[in-house]
Amino acid sequence: MRGSFDVVVIGGGHAGCEAALAASRLGRDTLLVTSDPGTIARMSCNPAIGGLAKGQAVREIDALGGWMGLVADRTGIQFKVLNASRGPAVRGLRCQSDKSLYSREMGRIVGAAERLWVSPGTASGFLVEKGRLTGVRTGDGSIVSCRAAVVTGGTFLRGLIHVGEECREAGRWEEPAAKNLSTALEELGFSLARMKTGTPPRVASASVDRSAMERAEGDAVPTPFSFRTSRERFPTLRQVDCWITYTTPQVHELIREALPLSPLYSGRIVGRGPRYCPSIEDKVVRFADRARHQIFVEPEGLSTDWLYLNGLSMSLPEEVQRRIVHGIPGLEGAEILRPAYAVEYDVVLAEQLRDTLESRAVPGLFFAGQINGTSGYEEAAGQGLMAGTSAALVAAGREREFVLGREEAYIGVMIDDLVTLGTDEPYRLLSSRAEHRLLLGADSAYARLTHRAAEVGLIDQREADEILEKEARLERVKETFRAARLTPGRRTQEALGGLGIPLAEQSTLAGLVRRPEVAVEEIREWAASLLPAVEAEELLSLDAAALARLRDDLRYEGVLRREKEAIERVSRAESRRIPDDFVYRALPGLSLEAAEKLERHRPRTLGQASRIPGVPPSAVTLVLAHLVAREKRLGKR
């Protein structure tokens, strides 16, 4: 191992991979330290990528030059758009992945990346000089000098696995915990907390009776995540079905009787679990009126017999787990290949971080992924990409920062939530968390973010130009549709009548597309015949995805325009920066409680200050008044 790198990334999970790839892509010599290079990007829980809000985040990662979406496309065995019948803002692309192939493909990409080295090992501490990070100490006592480091410890920091009364130190099944890193962070003054997550049993496919279950098919025409995926050669793997079954009242009674044996209820687990992905014990207790809970039976890959029982996470003893599984229709004879377990681990309270995910206490030290209190591969990968980008900029000595606003990306919403509000339970991306979700649909990710990625160097200009030209072409077609007028003359009525579309008054092509009964694919050839050659050619060049964008953008453009106008009004005040040296305790009229919260969080903008729990609007108004006064004083000088 070399003794010096620009950036060191600790941990080879989904956050670590995106962080290391981003830093190396920006030209920084990067070292990825992981306990076992063979487990890079391992899908330790659900073998799937995407979902509601999460699928949008994967598209954002792709628009920013990240790799999760492309690897998901290459290794997906079922693709499905969730909420497909609803508006674009709440649709979510999801794919079931081949677990082994996903890890192998991401490992191949990491291994082939220029200026990126992978080393087996662990981190045990940090070197800090004059208040800044200068190096990382590895588990064997070696020192690696660096200008920035990204810690992506996942569930490994003082990790404890629980199965009934059995408890052992581990970050994942049969993978050792990181015991020294928590101590090193505490010695640097970081506040840590405990959180908990869990995973369900795995069963043998041959032992399952699918005739007692409901078939859950993927989409007949799959939708890829990545712009780099060739639709002509997609999907690359054989597509499979998933299956649905349900718990029963008898199973619920068995779980209630066994609650004293659950470490979650006996008090042995102290960490908070995920609210939006609860264990089956939690579901039975919290939703006592429910007669059944849905279980998705999902394959872990094409070359394995393992099935994942999505929705049956628990930490009960193995014998109790066996009785629960065998009480579920279709699983009466299921062979359990690995029991469910809960894992408890340390997290860094994210309020200690800036919106670049750099720690305020130790400049140059970044954190990303579950160590920040999040759950899910997608949340981790988004943070990793942003932290790796910022670490590379710091290592290069560049003063510019790369931060996404809440109105720009779900990734921006997540990071702002974490560093401003914090979290006392594993954080999950939800569309309801984004107040501007109408603007954050998966299909608009490239329009929102590709130019930002190109500016910082995450995407080369050739790729960016190709994407941006497609976006510009779509905008030109939309403008053409807005301008093309239709009158209810004989020829027009005959043409539209043949398509089953009446036209009683003057309109435009855009007005026609806004009608819910009109399918833009069906009128494309006719619409092109009305247009000049250049405009017609552009319309005919749009693929199915672009046509769907054309339809959605025209139908919702009034709502979207009002949303953008509201953002502009608010952002002028919210985006006002607060200087790093601003002293809140010195402000006359500011309550002690508000001053303490503002000093602890150190918000970068008035918008962030307004979202801190316990900071009233009057306090934000007072800060604004003093900022204005300060600017006037400085201006006079």
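Residues numbered from 1 in each chain as written. Predicted model: local features only at pLDDT ≥ 70, side-chain atom pairs only at ≥ 80, totals over all residues. Heavy atoms only, no water.

### Quick notes on the overall build of the protein chain
Working step 1: Tallying secondary structure elements over the protein chain gives 22 helices and 23 strands in all.
Working step 2: Relative to the globule expectation of 26 Å for 637 residues, the C-alpha radius of gyration of the protein chain, 26 Å, shows essentially globular dimensions.
Working step 3: Viewed in the frame of its principal axes, the protein chain has a C-alpha envelope of about 80 × 80 × 50 Å.
Working step 4: Counting only residues that meet the buried cut, the protein chain has 56% of its 637 residues in that class.
Working step 5: Partitioning the intrachain contacts of the protein chain with sequence separation of at least 6 by distance along the chain shows that 72% fall at a separation of at least 24.
Working step 6: Carbon and sulfur atoms make up 50% of the accessible area of the protein chain, which totals about 26,900 Å². (Helix = DSSP H or I, 4+ residues; strand = E, 2+ residues; numbered from the N terminus. Rg over C-alpha atoms; globule rule 2.2 N^0.38 Å. Buried < 20%, exposed > 50% of the residue type's maximum accessible area, 1.4 Å probe, protein only. Contact = heavy atoms within 4.5 Å. Areas by Shrake-Rupley, 256 points an atom, 1.4 Å probe, with all protein chains shown as cover.)

### Regarding the sheet that holds strand β8 (residues 132–138)
Working step 1: If you walk across this open sheet you meet the three strands as β7-β8-β9, and the pairing is antiparallel. Only two strands of the sheet have a single partner each, and these edge strands are β7 (123–129) and β9 (143–145). Taking the axes of each pair of neighbouring strands and ignoring which way they run, one obtains an average angle of 30 degrees across the sheet.
Working step 2: Inspection of the sheet shows β7 paired to β8 by six bridges, in the antiparallel sense. Paired with Gly-125 across the strands is Arg-137, a residue of β8. (Pairing = 2+ DSSP bridges. Axes fitted to C-alpha atoms, helices over the stretch in contact; angles between N-to-C directions.)

### Section: the pairing of strand β13 (residues 192–199)
Working step 1: Most of β13 is tucked away, with six of its eight residues classed as buried.
Working step 2: Two elements, β13 and strand β20 (residues 341–348), share eight bridges in a ladder whose sense is antiparallel. By the bridge assignment for β20, Thr-197 is matched with Val-343.

### Focus: the state of the cysteines
Working step 1: This structure, assessed with the given rule, holds zero disulfides.
Working step 2: For Cys-17, which is in no disulfide, the shortest distance to another cysteine sulfur is to Cys-95 and amounts to 16 Å.
Working step 3: Here Cys-17 falls in the buried class, since its relative accessible area comes to 0%.
Working step 4: Cysteine Cys-45 shares no disulfide, and the gap to the nearest cysteine sulfur, in Cys-277, comes to 6.4 Å. (Disulfide = S-S within 2.5 Å.)

### Examining the nonpolar core
Working step 1: If you look at the biggest cluster of nonpolar residues, it comprises 100 residues, and the most contacted ones within it are Val-8, Ile-49, Phe-126, Leu-185 and Leu-365.
Working step 2: With ten residues, the single largest contributor to this core is helix α10 (residues 377–395).
Working step 3: For Leu-185, the contacting residues outside a window of four places in its chain are Phe-126, Leu-157, Phe-190, Leu-192, Val-348, Leu-365, Phe-367 and Ile-371. (Core = buried A, V, L, I, M, F, W, Y, C linked by side-chain atoms within 4.5 Å.)

### Structural notes on the pattern of salt bridges
Working step 1: According to the stated counting rule, one finds 51 salt bridges in the structure shown.
Working step 2: Glu-425 is the partner of Arg-272 in a salt bridge, and the nearest nitrogen-oxygen pair spans 3.0 Å. Here the residue Arg-272 occupies a position in the loop between α7 (263–266) and α8 (280–286), and Glu-425 occupies one in the loop between α11 (410–421) and α12 (445–456), the gap between them amounting to 153 residues.
Working step 3: When its relative accessible area of 39% is taken as the criterion, Arg-272 is described as partly exposed.
Working step 4: Connected through salt bridges with shared partners, the residues Arg-158, Glu-186, Arg-194, Glu-344 and Asp-346 form a single ionic network. (Salt bridge = Lys/Arg side-chain N within 4 Å of Asp/Glu carboxyl O.)

### Notes on the sheet that holds strand β19 (residues 336–338)
Note: strands within a sheet are paired through backbone hydrogen bonds, in either parallel or antiparallel orientation.
Working step 1: Spatially, six strands are ordered β15-β16-β17-β18-β14-β19 in an open sheet, and the strand pairing comes out antiparallel. The open sheet has two free edges, formed respectively by β15 (214–216) and β19, since each of these has just one partner strand. Neighbour-to-neighbour, the strand axes of this sheet turn through a mean angle of 35 degrees, independent of strand direction.

### Digging into the packing of aromatic side chains
In this description, a pair of aromatic rings is defined by centroid distance and the angle of the planes.
Working step 1: Under the definition given, this model contains six aromatic pairs.
Working step 2: Taken together, a centroid distance of 5.7 Å and an interplanar angle of 65 degrees make the contact between Phe-5 and Trp-117 edge-to-face. On the criterion of sequence distance, the pair formed by Phe-5 in the segment before β1 (7–10) and Trp-117 in strand β6 (residues 116–120) is long-range, its members being 112 residues apart.
Working step 3: Looking at Phe-5, the relative accessible area reads 4%, which means it is buried. (Phe/Tyr/Trp six-rings, centres within 6.5 Å; stacked < 30°, edge-to-face > 60°.)

### Some words on the pairing of strand β11 (residues 160–163)
Working step 1: Sheet analysis places β11 next to β20, joined by three bridges and oriented antiparallel. Bridged to Leu-160 within β20 is Glu-344.
Working step 2: In terms of strand pairing, β11 meets strand β12 (residues 166–169) through four bridges, oriented antiparallel. Directly across from Val-163, in β12, lies its bridge partner Glu-166.
Working step 3: Turn length for the β11-β12 hairpin, with the two strands adjacent in sequence and antiparallel, is two residues, and the turn residue Gly-164 shows positive phi of about 60 degrees.

### Considerations on the packing of helix α6 (residues 249–258) against helix α9 (residues 318–326)
Each pair of packed helices can be described by the angle between their axes along with the distance between the axes.
Working step 1: Running from N to C, α6 and α9 cross one another at 165 degrees; their axes reach a closest spacing of 9 Å. In terms of their interaxial angle, α6 and α9 are classed as roughly antiparallel. When you trace α6 past α9, the crossing you get is left-handed. For the pair α6 and α9, contact is made by Val-251, Leu-254, Ile-255 and Ala-258 and by Val-320, Arg-323 and Ile-324, respectively. (Parallel < 35°, antiparallel > 145°, perpendicular 65-115°, else oblique. Left-handed = near helix turned anticlockwise from the far one by under 90°.)

### Comments concerning the packing of helix α16 (residues 520–530) against helix α17 (residues 533–540)
Working step 1: Running from N to C, α16 and α17 cross one another at 165 degrees; their axes reach a closest spacing of 8 Å. The pairing of α16 with α17 is recorded here as roughly antiparallel in orientation. Two packed elements cross with a definite hand, and for α16 against α17 that hand is left-handed. Two secondary-structure elements touch here, α16 through Arg-524, Glu-525, Ala-527 and Ala-528 and α17 through Ala-536, Leu-539 and Leu-540.

### Focus on the side chain of Ser-375
Working step 1: Mapped onto the elements, Ser-375 comes out in the loop between β21 (365–367) and α10.
Working step 2: Residue contacts for Ser-375: discarding those within four places in its chain leaves Lys-54, Gln-370, Pro-426, Tyr-427 and Arg-428.

### Here's the deal with unusual backbone geometry
Note on backbone geometry: most residues besides glycine have negative phi, and most peptide bonds are trans.
Working step 1: Look at the link from Phe-234 to Pro-235: it is a cis peptide, with omega at -5 degrees.
Working step 2: The topology assignment puts Pro-235 in the loop between β15 and β16 (242–246).
Working step 3: Of note in the backbone geometry, Arg-115 takes a positive phi value of approximately 65 degrees without being a glycine.
Working step 4: If you trace the backbone, Arg-115 turns up in the loop between α4 (99–112) and β6.

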